[in-house]
Amino acid sequence: MRAVIIGAGVAGLATAWRLLQAGDSVTILERAQPGHGATWAAAGMLAVTAELEDAVEAERQLALEADGLWPGFAAELEAAADAKIGYCRDGTLMLAADAAELEALRPRGRLLDAAAVAVRVPLLAPVAGALWVPGEAHVDSRALGAALTVAVLKAGGTILPNEAVVTIDRREDRAVAVRTGFGRYEADSFLLAAGAWSGLLENIPVTPAKGEMIALATPPGFQAPVIWGGGIYMVPMKDRLLVGATVQDAGFDTTLTRAARDHLRGRAAALIPAVRDWPLLEQWAGLRPKSPDGLPLLGPSHLSNLFVASGQYRNGILFAPAIAAMMARLMRGEGAIIPDFDPRRFIGSVA
Ligand code: GLY
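Parameters at a glance
- Residues numbered from 1 in each chain as written.
- Predicted model: local features only at pLDDT ≥ 70, side-chain atom pairs only at ≥ 80, totals over all residues.
- Heavy atoms only, no water.
- Helix = DSSP H or I, 4+ residues; strand = E, 2+ residues; numbered from the N terminus.
- Rg over C-alpha atoms; globule rule 2.2 N^0.38 Å.
- Buried < 20%, exposed > 50% of the residue type's maximum accessible area, 1.4 Å probe, protein only.
- Contact = heavy atoms within 4.5 Å.
- Areas by Shrake-Rupley, 256 points an atom, 1.4 Å probe, with all protein chains shown as cover.
- Lys, Arg positive; Asp, Glu negative; His and termini not counted.
- Charge placed at Lys NZ, Arg CZ, Asp CG, Glu CD.
- Axes fitted to C-alpha atoms, helices over the stretch in contact; angles between N-to-C directions.
- Parallel < 35°, antiparallel > 145°, perpendicular 65-115°, else oblique.
- Left-handed = near helix turned anticlockwise from the far one by under 90°.
- Nonpolar A, V, L, I, M, F, W, Y, C, P; charged D, E, K, R; others polar.
- Salt bridge = Lys/Arg side-chain N within 4 Å of Asp/Glu carboxyl O.
- Pairing = 2+ DSSP bridges.
- Core = buried A, V, L, I, M, F, W, Y, C linked by side-chain atoms within 4.5 Å.
- Near = heavy atom within 4 Å.
- Polar contact = N/O pair within 3.5 Å; in protein donor to acceptor, adjacent residues only side chain to side chain.

A. Representation of the overall build of the chain within the structure. Counting its regular elements, the chain contains 9 helices and 19 strands. In terms of C-alpha radius of gyration, the chain reaches 20 Å, essentially the compact-globule figure of 20 Å for 351 residues. In the chain, which comprises 351 residues, the proportion classed as buried is 55%. Considering only residue pairs separated by 6 or more positions, the chain has 72% of its internal contacts joining residues 24 or more positions apart. Total accessible area on the chain is roughly 14400 Å²; 53% of this is exposed by carbon and sulfur atoms. Counting 32 positive and 37 negative side-chain charges, the chain places the averaged centre of each group 3 Å from the other.

Shown next as structure tokens:
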């Protein structure tokens, strides 16, 4: 089978890799650089606990399936790309500022009291306690994008950067080719995995949700799990602490704002006072792909051979191994569509 994938983010790259492993021919068309959109901006948390409290059952199942695939996926990818992706299972602490917050966390798992939290992260300001999720993991999303790019290329895939798809040629109910400013690419099966940009190409109601983040330099020896509290999260990554993230409806604007920087740094300092003295290394913004019902779009479109993998919103990194397996199967005419994620649920709802 010849496949064309629109978008070289984590979903498009990982699906391409699986298709190539199955013997298919794959070309990825990327509007900018591979792995440099939402993948690059992500904190890389595989946050099954923190992000999916209110998830519907289908999304919870997708998250659990993906989380289960992650250890094998990470090991296989690191071997294929001969590169590390920082997969790390140091756990997650969800802080409770007071007794009421701690009680609210109780049904979700194992609680730590204030003293046990202080032992785990001595630099933390006093808290009432925390939910402790020992097995939760995170990954270096920038290294992940780079490793997937290498794995795709080594497996024989073609990645064409700076080639934004502008139109899809169709015949009856099928896509026959996509066009960029540089060429026309025919295929048997197509995947639209263009993140927040997916809605610009087809009638797909995916919109951008801007997230700004900062990274602070950590002192030598600083160690901590992922920490959630005070409306932010903090992710230790090598010699830096990632602090995120805002959620804004700002269209495709990725301007970095002083307000976001001060907000994130202020919230981080309220949790770890020493953070005030840690140098700011970087500030950046990314665009999460969001659907109207908050659920991903995974499956066929109104064209029978044009598939969609988008709308992952806050969980694109977590979902990636499961999405890759699912989309590769669907594009090869195998596997089942999950009704909650069927992109066709929105047909007729978009002007
Ligand atoms: N999953 C973290 C974020 O979207 O900010």
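B. Here's a closer look at the packing of helix H4 (residues 57-81) against helix H7 (residues 141-154). One can describe the packing of H4 onto H7 by two numbers: an axis separation of 9 Å at closest approach and a directional angle of 60 degrees. Considering the angle they form, H4 stands oblique to H7. Judged by the twist between their axes, the crossing of H4 over H7 is left-handed. Contacts between H4 and H7 pair Trp 70, Phe 73, Leu 77, Ala 80 and Ala 81 from the former with Leu 144, Ala 147, Leu 148, Val 150, Ala 151 and Lys 154 from the latter. Here the residues of the contact of H4 with H7 sort into 10 nonpolar, no polar and 1 charged.

C. Summary view of the side chain of Glu 30. Within the element layout of this structure, Glu 30 appears in the loop between strand S2 (25-29) and helix H2 (38-41). One buried charged side chain, Glu 30, makes no salt bridge at all; its nearest oppositely charged neighbour is Arg 31, positioned 5.0 Å away. Those residues within four positions of Glu 30 in sequence are excluded, and the remaining contacts are Gly 7, Ala 8, Gly 9, Leu 160, Pro 161, Asn 162, Glu 163 and Ala 164.

D. Examining the sheet that holds strand S18 (residues 297-300) more closely. Read from one edge to the other, the open sheet built from 6 strands follows the order S8-S2-S1-S12-S19-S18, with strand pairing classed as mixed. Each of the sheet's edge strands pairs with one partner strand only, and the pair in question is strand S8 (158-160) and S18. Neighbour-to-neighbour, the strand axes of this sheet turn through a mean angle of 15 degrees, independent of strand direction. Bridge count between S18 and strand S19 (residues 306-310): 4 bridges; the pairing is antiparallel. The residue of S19 that forms the bridge with Pro 300 is Phe 307. The strands touched by helix H1 (residues 10-21) within the sheet are strand S1 (2-6), S2, S8 and strand S12 (189-192), with S2 carrying the most contacts at an inclination of about 165 degrees. Against the sheet, helix H9 (residues 316-331) makes contact with S1, S12, S18 and S19, and its axis sits at roughly 170 degrees relative to S19, the strand it touches most.

E. Spotlight on the environment of Ala 274. With respect to the secondary-structure elements, Ala 274 resides in the loop between helix H8 (258-271) and strand S17 (280-290). Overall, the relative accessible area of 27% leaves Ala 274 in the partly exposed class. For the pair Ala 274 and Pro 219, spaced 55 residues apart in sequence, the C-alpha separation works out to 9.8 Å.

F. Quick look at the nonpolar core. Within the largest apolar cluster, 54 residues are counted, with the highest numbers of intra-cluster contacts made by Ile 28, Trp 70, Leu 77, Leu 144, Leu 148 and Leu 318. Elements with a contribution of two residues or more to this core: S1, H1, S2, H4, H7, S19 and H9. Of the residues forming this core, the biggest block, 12 residues, is contributed by H9. Those residues in contact with Leu 144 that lie beyond four places of it in its chain are Val 10, Trp 70, Phe 73, Leu 77, Ile 85 and Ile 317. Judged by nonpolar contacts, the second largest core, of 25 residues, contains Leu 112, Trp 132, Leu 216 and Leu 264.

G. Spotlight on the site of the ligand. Around the ligand, the structure places Met 45, Glu 51, Tyr 233, Ala 245, Arg 288 and Arg 314. Note that an oxygen atom of the ligand is positioned 2.6 Å from one of the side-chain N or O atoms of Tyr 233. Separating an oxygen atom of the ligand from a side-chain N or O atom of Arg 288 is a distance of 2.7 Å. Across the complex, the protein chains shield 88% of the 200 Å² of accessible surface that the ligand would expose by itself. Classifying every residue of the shell around the ligand gives 3 nonpolar, no polar and 3 charged.

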